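# Architecture and fold: a report
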Amino acid sequence: MRVLVTGGNGQLGTEVVREFGRLGHEVLAPLPEEMDFLDPDGLAARVAALQADWIINCAAYTQVDRAEDESGQAFTINRDSAGRLAETAAKTGARMLHVSTDFVFDGKQTRPYREDDEPGPLSVYGCSKWEGDRAVLAALPGAIVLRTAWVYGVHGHNFVKTMLRIAGEGKPLRVVDDQVGTPTWTADIVQAMVALVDAAASGVFHFTAAGETSWCGFARAILAEADRLGFEVKTRTVEAIPTSEYPTPATRPHYSVLDTHKIRPWLASPIPSWRDSLINMLKELQACADCW
Ligand SMILES: NC(=O)c1ccc[n+]([C@@H]2O[C@H](COP(=O)([O-])OP(=O)(O)OC[C@H]3O[C@@H](n4cnc5c(N)ncnc54)[C@H](OP(=O)(O)O)[C@@H]3O)[C@@H](O)[C@H]2O)c1
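Structure report, in brief. What you see is a predicted model, and the numbers here were worked out from it, not measured in a lab.

Rules used in this analysis
Per chain, residues are indexed from 1 in the order of the written sequence. Residues qualify for local features only when their pLDDT is at least 70, as the model is predicted, and side-chain atom pairs are given and counted only at 80 or more; totals for whole chains, interfaces and linings, by contrast, use all residues. Hydrogens and water molecules were not included; the side-chain quantities draw on all heavy atoms of the structure. Only Phe, Tyr and Trp rings take part, Trp by its six-membered ring, and two of them pair if their centres are within 6.5 Å. Stacked means planes under 30 degrees apart, edge-to-face means over 60, and tilted covers everything else. Helix and strand definitions follow DSSP, with helices as H or I runs of at least four residues and strands as E runs of at least two, each counted in order from the N terminus. Two limits define a charge over a ring: the Lys NZ or Arg CZ must be within 6 Å of the ring centre, and within 35 degrees of the ring normal. A pair is scored as a salt bridge if a Lys or Arg side-chain nitrogen falls within 4 Å of a carboxyl oxygen belonging to Asp or Glu. Only protein chains enter the accessibility calculation, which uses a 1.4 Å probe. A residue is then buried if its area is under 20% of the maximum for its type, exposed if over 50%, and partly exposed in between. Only when DSSP finds a minimum of two bridges between them are two strands counted as paired. Only the contacting stretch of a helix is used when fitting its axis, a line to C-alpha atoms as for every element, and angles between N-to-C directions run 0 to 180 degrees. Working definition of a nonpolar core: buried Ala, Val, Leu, Ile, Met, Phe, Trp, Tyr and Cys residues. They are joined through side-chain atoms within 4.5 Å. Should any heavy atoms of two residues lie within 4.5 Å, those residues are counted as being in contact. Counting rule for disulfides: a pair of cysteine sulfur atoms within 2.5 Å.

## Details of the packing of aromatic side chains
One pass over the structure, following the stated rule, counts nine aromatic pairs. Ring plane angle 10 degrees and centroid distance 3.6 Å describe the contact between Trp150 and Trp215, whose orientation is recorded as stacked. Pair noted here: Trp150 is in the loop between β5 (144-148) and β6 (151-152) and Trp215 is in helix α7 (residues 215-229), with a separation of 65 residues, a long-range link. In this structure, Lys262 packs its charged tip against the face of Phe205, placed 4.4 Å from the ring centre.

## With respect to the pattern of salt bridges
Two side chains with opposite charge may pair up if their charged atoms get near one another. By the definition in use, this model includes 19 salt bridges. Between Glu26 and Arg2 there is a salt bridge, with the nearest N and O atoms lying 2.6 Å from each other. Of this pair, Glu26 sits in strand β2 (residues 26-28) while Arg2 sits in strand β1 (residues 2-6); the two residues are 24 residues apart in sequence, bridging distant segments of the chain. Judged by its relative accessible area of 25%, Arg2 falls in the partly exposed class. For the salt bridge of Asp133 with Arg147, the shortest nitrogen-to-oxygen distance reads 3.0 Å.

## What to know about the sheet that holds strand β10 (residues 203-206)
Strand order across the open sheet formed by six strands is β2-β1-β3-β4-β5-β10, with parallel pairing between neighbours. Bordering the open sheet on either side are β2 and β10, each of which pairs with just one other strand. On average, each strand axis in the sheet is inclined to that of its neighbour by 20 degrees, with strand direction left out of account. Note: strand β4 (residues 95-101) against β5, five bridges, orientation parallel. In the strand pairing of β5, Val99 is matched with Leu146.

## Brief notes about the nonpolar core
Formed by 73 residues in total, the largest nonpolar core has its most connected members in Ile55, Met96, Val160, Met163, Phe218 and Leu278. Going through the elements one at a time, α2 (40-50), α3 (71-92), α4 (124-139), α5 (159-169), β7 (173-176), α7, β12 (238-241) and α8 (274-286) are the ones with two or more residues in this core. Tallying contributions element by element places α7 first for this core, with eight residues. Filtering out sequence-adjacent residues up to four positions away, Val160 remains in contact with Tyr152, Phe218, Ile222, Leu278, Met281 and Leu282.

## Quick word on the state of the cysteines
The final tally for this structure, using the stated rule, is one disulfide. Sulfur-sulfur distance for the disulfide between Cys288 and Cys291 comes to 2.0 Å. The sign of the S-S torsion, about 80 degrees, decides the handedness of the disulfide formed by Cys288 and Cys291: right-handed. A relative accessible area of 7% means that Cys291 is categorised as buried.

Right, dumping it as structure tokens:
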């Protein structure tokens with residue numbers, strides 16, 4: 001199969017390119033400058049010319065706080081270009097998997113969010129992604145919209161690497177304890193993508209690791225597991241603070257756990273717990289000199 005991966009140099013996209021290549025697919029992963037999501041018309045023309053069987057859209061404007069000041073760019077990339085990709089797929093007969101986020105929800109629920117729960121984004125980023133989901137499904141009703149959350153992996157910048165860096169320098173850590181979600185490893189997301197693509201699924205799916213924690217709980221687990229694996233960890237404690245003590249330009253949901261019941265029957269194996277996946281990611285990071 002000819003698979004176009006947009007955002008193929010991002011933290012998730014890098015993993016997607018690697019896995020679909022390993023599975024023997026012909027993978028096309030143009031650099032952002034070759035396929036600019038700030039130019040939806042140019043993007044559509046370039047994508048049509050590539051004649052892909054599948055488009056996996058991992059490109060996104062992901063700077064959640066900066067988006068509050070750059071809403072034009074966020075909406076162009078996350079809504080307009082995502083929608084144009086889907087329109088192009090509809091014209092060329094390609095299938096499409098579009099990646100979305102838990103930040104489409106307002107976090108007021110006390111049970112995990114299902115695919116049919118009404119979104120209510122709190123930030124520009126969340127709004128732009130939610131409108132992107134709708135634009136994709138309007139143009140290509142058979143598309144897959146895969147919502148995930150709290151993504152980390154060995155490639156790119158993320159919370160795990162930030163915690164390891166700070167703990168390695170022995171600096172104090174104060175981390176919010178009243179935002180609850182599910183840390184999710186890129187390698188697990190890619191396995192879910194492969195399963196959905198192989199089965200030619202369609203519609204909205206939620207996928208995260210199993211379980212839930214706060215950012216503070218996640219930070220404590222990172223330090224504990226990294227220490228056990230032999231990383232240099234000089235900071236021993238993480239102070240739990242409320243969101244009010246760590247103000248950010250964008251408002252984040254207090255609770256954004258995603259319900260994964262719908263996707264489970266499609267998967268080849270049970271969903272791992274977030275802590276087991278964290279350990280596996282740390283082992284991979286330890287073995288990868290180029291990943292820092
Ligand atoms: N990170 C999370 O915690 C999280 C949580 C839930 C869902 N998601 C979703 O997961 C998907 C992948 O996110 P990620 O974590 O892998 O983010 P990422 O590392 O920031 O990757 C985003 C990708 O989009 C590309 N991109 C940005 N602006 C572009 C433009 N104008 N034209 C073309 N490409 C452009 C980036 O290229 P450059 O790096 O060269 O700019 C990068 O390859 C996104 O849909 C995101 O909304 C992420």
